[in-house]
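The chain contents come next:
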Amino acid sequence: MVLPFAVEVVSLRPLLRIKAGMGRKKIWLHLVPAVSAVLLFSCNPTKYVPEGETLLEKNRLKISNEGIKASQVEPYIRQQPNKKIFGTRFHLGLYNMSNIDSEKGINRWLRNIGEGPAVFDPYAMSQSVEQIKSFAYSKGYFDAEVADTAETGRRRTVAQYSVNLKTPYTIRGISYDIADTNLKKLYVFDTINSMIVRGSPYDVDVLQQERQRFEKFVRDHGFYRFSSDYISFSVDSAVGNRQVDIVFVVKNASEIDENDIVKSVPHSIFRLNNIYIYDDFDPYLAIEEGSEYFNKLDTGFYRGYYFIGMEKKPAIKYDFIIQSLYMRQGAIYNQTNTELSQSRMMASRVYRLVNINFNETGNVDDYEGEQIRAIDCVVQLTHHTQQSYRVELEGTHSGGALGGAMNLAYQHNNMFHGAEQFTLKLKGSYEAIRQDGEQRPAQEYGVETGLRLPDFLLPFYQNGNFVRRYNPATNIAASYNYQDMPFYTRTMASMSFGYNWRNGYNEHIVNPLQFNIVKLASITPDFAEQVNKSSYLAYAYRDVLILGGNYSYIFNNQMIKKSRDYWFIRWNIETAGNMLRSYNRKAHSDEPDTAVFRFLNQPFAQYVKTDIDIRYNYAISPDASVVYRGFFGVAVPYGNSKAIPFERQYFAGGANSIRGWQARTLGPGSDIPASNTFLNQTADIKIELNMEYRYKLFWVLEGAVFADAGNIWTYSSDPARPGVQFKFDRFYKDIAVGAGTGLRFDFSFFLARLDFGMKLRDPVIPATNKWIFSNRPYGWSDFTTVIAIGYPF
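As the structure is a prediction and not an experimental result, all values here were calculated from the model.

### Considering the pairing of strand E11 (residues 262–265)
Here is step 1: As judged from the 4 bridges shared by strand E10 (residues 253–256) and E11, these two strands associate in the antiparallel manner. Within the sheet, the bridge partner assigned to Glu-255 lies in E11 and is Lys-263.

See the structure below:
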């Protein structure tokens, strides 16, 4: 079968050949690039350092206490040494390979992709001292001392910064000087949410965060013109006992009267007057044609909103636009509602640009003794292309046999004029599978379709607040697949109905209905005989119906800035067959507990399955990171099932798993498959741990070094295959370990990946020590090459 976006090559000559014997082990490197890299890294780092100057070897930072972390201070050191990869100055080595006197050809290219020597700068060091002092002061260490020393030898300098923080100043008292009585009432009401706490260390960053928080709080209560520029702090550090008093100051607004005199006035509250919506705004024509463009537009009024456009029949229903807006005519201006409206419009995927602007009308109304000013809201919506087609080509190369796949995908982002997304994909693939020295064809054809509705379609439940807050969607999907494998032919049909919604970093996916039906059309006698030897496989390879549901929770705090550390957690739980089993037990109470019931003349599966995928990305620097991943899953059959359906089982190996093994060739446990067996290893339990170090090289090229470990096991014993069952007292003996290196080509819009994997510990080795280099010579089957799209995790 063709794996989407992955090509696995396992029969190439190994790039690294390791010969292992009982005694001395030898490692032979045959790659010319590897030799070149050694020469590159051994280049003299001071080659292009000017005479009389030195190379900045490294910065050494010592801090007297734990009040401030070194990672907080490091950004304030003005000069950094050359970047290193595995302790070597790779980029400096590239630079040094060039001829400094030549501005052409490869010499210029090497300098562009490399990095010039970091020549030690004493002035930058003195500037760093002042910046570190300033940073320490902002954290409440008003009398911190920073000393710098430079240790020089062999034309290299180590810059050392010693920071003596002493004891930080803390906040003794907070008072308020708010000129506007309305704002003062607001702040008193909101004091409980203040970020400035008595007794805590003085911190300028906390004061700044409080400015921003109060600014948004005030703007959410109608003060459209208000900004943090009106907020300041007065700090008195002379109160003694290493404490400070803070005065929170909020100035009045400034206004020019009819005599052109600037005077201080209270801040004004604004309400929304008219809301104008350009439902198909073209910013390019608006700039080119100016007023002529706007004169061609027609204006209509619907449910309290003015819609402006060229077409009488809108491309997107007005009701959907109104439902996506958190602003109403006559409502008090609210910044949060404006931001939510914009983000929800963009999340619908039908708009390329969403601009929301406000214009003051000059009208002033008296409301309960308050002067309320009026503003008009202008919403400009620019559409995405509604329909798109995409052709996806895939290639495979396995065991010297070629294969390929082609997918034709169609997408409509506004199917019924309400931001409904319809997708249709036609799939076809052909691959040759080597078996018993022969190549046998494997073909697969299928169709997938899906519809995403931007609403929460739940009978007898209409909650507008839930829709506005969480932006839910209803998803309907269906698919049909036909597989013609060398050993069997089967068809698979599926349908699902469910919902998803988001709340900040959290996403919930609920599919209360999932229906799958698998029919085995034919099976070769040899493969049937092999399968029937194992009761587990006999139950897995059969006709089955799956009727159940699942729930997924996703936490992802990854931001656009890739340099930030982030977590990704996905937890899934799935059940099937429980309602059908309960119904049949009541309808056929005379049947024994071991009876296997049918639905639609098909045996149905009954099981529970849960797994969790945890990933942590640790940013070492803007150019390097380490990613850790752990996957743990278990599926338990019961009642109507003796085994988990093949489609719901776990597998190991491949492009996104343990890369020393081909997909579906590892496990279960320490099982040794027959040499003429069609390898498609699956099981009920999976444990996998991965670690990958990623680093930027040059241009679009990135490097990676990785290690993978794990395996799969069955939940129940299988007499025909000893060693496949998970047992707490021995599962660790079945852990497979692989490692390797890889290259990534980051083209912004997609990332291509080339990984070279190598087996290190193989659980099928019968010896107690299962490390390959301790038991046997390496062979071609111990290496894999993976070509794929995107990161493995």
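### Here we look at the pattern of salt bridges
One side chain can pair with another of opposite charge once the charged atoms of both are near each other.
Here is step 1: Within this structure, the stated rule accounts for 37 salt bridges.
Here is step 2: Measuring nitrogen to oxygen at the nearest pair gives 3.0 Å for the salt bridge that ties Asp-143 to Arg-242. Of this pair, Asp-143 sits in the loop between helix H5 (122–138) and strand E5 (145–153) while Arg-242 sits in the loop between strand E8 (231–236) and strand E9 (243–250), placing them 99 residues apart in sequence.
Here is step 3: Accessibility expressed as a relative area gives 27% for Arg-242, which makes it partly exposed.
Here is step 4: One salt bridge connects Arg-213 with Asp-190, and the closest N-O pair in it is separated by 2.4 Å. Taken together, the positions of Arg-213 in helix H7 (residues 204–219) and Asp-190 in helix H6 (residues 181–190) put the pair 23 residues apart, joining distant regions of the chain.
Here is step 5: When its relative accessible area of 19% is taken as the criterion, Arg-213 is described as buried.
Here is step 6: Where salt bridges share partners, they join Arg-659, Glu-692, Arg-694, Asp-708, Arg-744, Arg-753 and Asp-755 into one cluster.

### Overview of unusual backbone geometry
Here is step 1: A cis geometry characterises the amide bond from Gly-667 onward to Pro-668, with omega recorded as -5°.
Here is step 2: In this fold, Pro-668 is placed in the loop between strand E29 (624–637) and strand E30 (685–698).
Here is step 3: A positive phi angle is found at Arg-154, which is not glycine, with a value near 55°.
Here is step 4: Among the secondary structure elements, Arg-154 is positioned in the loop between E5 and strand E6 (156–164).
Here is step 5: Judged by its relative accessible area of 70%, Arg-154 falls in the exposed class.
Here is step 6: With a phi close to 55°, Arg-303 is a non-glycine residue in the positive phi region.

### A look at the sheet that holds strand E7 (residues 170–178)
Here is step 1: Read across the open sheet, the 3 strands follow the order E7-E9-E8; overall the sheet is mixed. The sheet is open, and its two borders are formed by E7 and E8, each paired with just one other strand. Each strand axis lies, on average, 20° off the axis of its neighbour in the sheet, ignoring direction.
Here is step 2: Sheet topology places E8 next to E9; 6 bridges connect them, and they run antiparallel. Of the residues in E9, the one forming a bridge with Asp-236 is Asp-245.
Here is step 3: On top of the sheet, H7 reaches E8 and E9; it is set at about 145° to E8, its chief contact.

### Regarding the confidence of the model for the protein chain
Here is step 1: Overall, the predicted model of the protein chain reaches an average pLDDT of 85, with 90% of residues at or above 70.
Here is step 2: When the criterion is pLDDT under 50, residues 37–42 qualifies, and its contacts beyond four places in sequence or with other chains add up to 6 contacts.
Here is step 3: Counting contacts from residues 396–400, a segment whose pLDDT is below 50, to residues more than four positions away or on other chains yields 22 contacts.

### Looking at the sheet that holds E5
Here is step 1: The strand order across the open sheet built from 3 strands is E4-E6-E5, with neighbouring strands paired in mixed fashion. Edge positions in the sheet fall to strand E4 (55–63) and E5, since each has one partner strand and no second. When strand polarity is set aside, the average angle formed by the axes of neighbouring strands in this sheet is 15°.

### Some remarks on the nonpolar core
For soluble globular proteins, the rule of thumb is that nonpolar side chains tend to be buried together.
Here is step 1: Judged by nonpolar contacts, the single largest core of 25 residues is most densely connected at Ile-277, Ile-321, Met-327, Tyr-351, Phe-358 and Leu-381.
Here is step 2: Of all the elements in the fold, those that place two or more residues in this core are strand E12 (269–278), strand E14 (305–309), helix H10 (318–324), strand E15 (351–367) and strand E16 (370–383).
Here is step 3: Residues Ile-77, Tyr-141, Val-163 and Leu-165 belong to the second largest nonpolar core, which totals 18 residues.

### Some details on the environment of Gly-199
Here is step 1: If you trace the backbone, Gly-199 turns up in the loop between H6 and H7.
Here is step 2: Classification of Gly-199 by relative accessible area gives exposed; the value is 52%.

### Remarks on H6
Here is step 1: Within the sequence span of H6, burial applies to Leu-183, Leu-186, Tyr-187 and Asp-190. Seen from one end, H6 has its buried residues packed into an arc of 95°, which puts them on one side. Those residues of H6 that are exposed and angled more than 90 degrees off the buried face are Thr-181, Lys-185, Val-188 and Phe-189.

### Describing the packing of H6 against H7
Here is step 1: Relative orientation of the contacting elements H6 and H7 amounts to 115°, with a least axis distance of 11 Å. The two elements H6 and H7 cross, and the hand of that crossing is right-handed. Side by side, H6 and H7 meet where Leu-183, Leu-186, Tyr-187, Phe-189 and Asp-190 of the first sit next to Glu-210, Arg-213, Phe-214, Phe-217 and Val-218 of the second.
Here is step 2: Residues that form the contact of H6 with H7 fall into these classes: 7 nonpolar, no polar and 3 charged.

Thresholds applied
- Residues numbered from 1 in each chain as written.
- Predicted model: local features only at pLDDT ≥ 70, side-chain atom pairs only at ≥ 80, totals over all residues.
- Heavy atoms only, no water.
- Pairing = 2+ DSSP bridges.
- Helix = DSSP H or I, 4+ residues; strand = E, 2+ residues; numbered from the N terminus.
- Salt bridge = Lys/Arg side-chain N within 4 Å of Asp/Glu carboxyl O.
- Buried < 20%, exposed > 50% of the residue type's maximum accessible area, 1.4 Å probe, protein only.
- Axes fitted to C-alpha atoms, helices over the stretch in contact; angles between N-to-C directions.
- Contact = heavy atoms within 4.5 Å.
- pLDDT = per-residue confidence, 0-100.
- Core = buried A, V, L, I, M, F, W, Y, C linked by side-chain atoms within 4.5 Å.
- Arc of directions from axis to C-beta.
- Left-handed = near helix turned anticlockwise from the far one by under 90°.
- Nonpolar A, V, L, I, M, F, W, Y, C, P; charged D, E, K, R; others polar.

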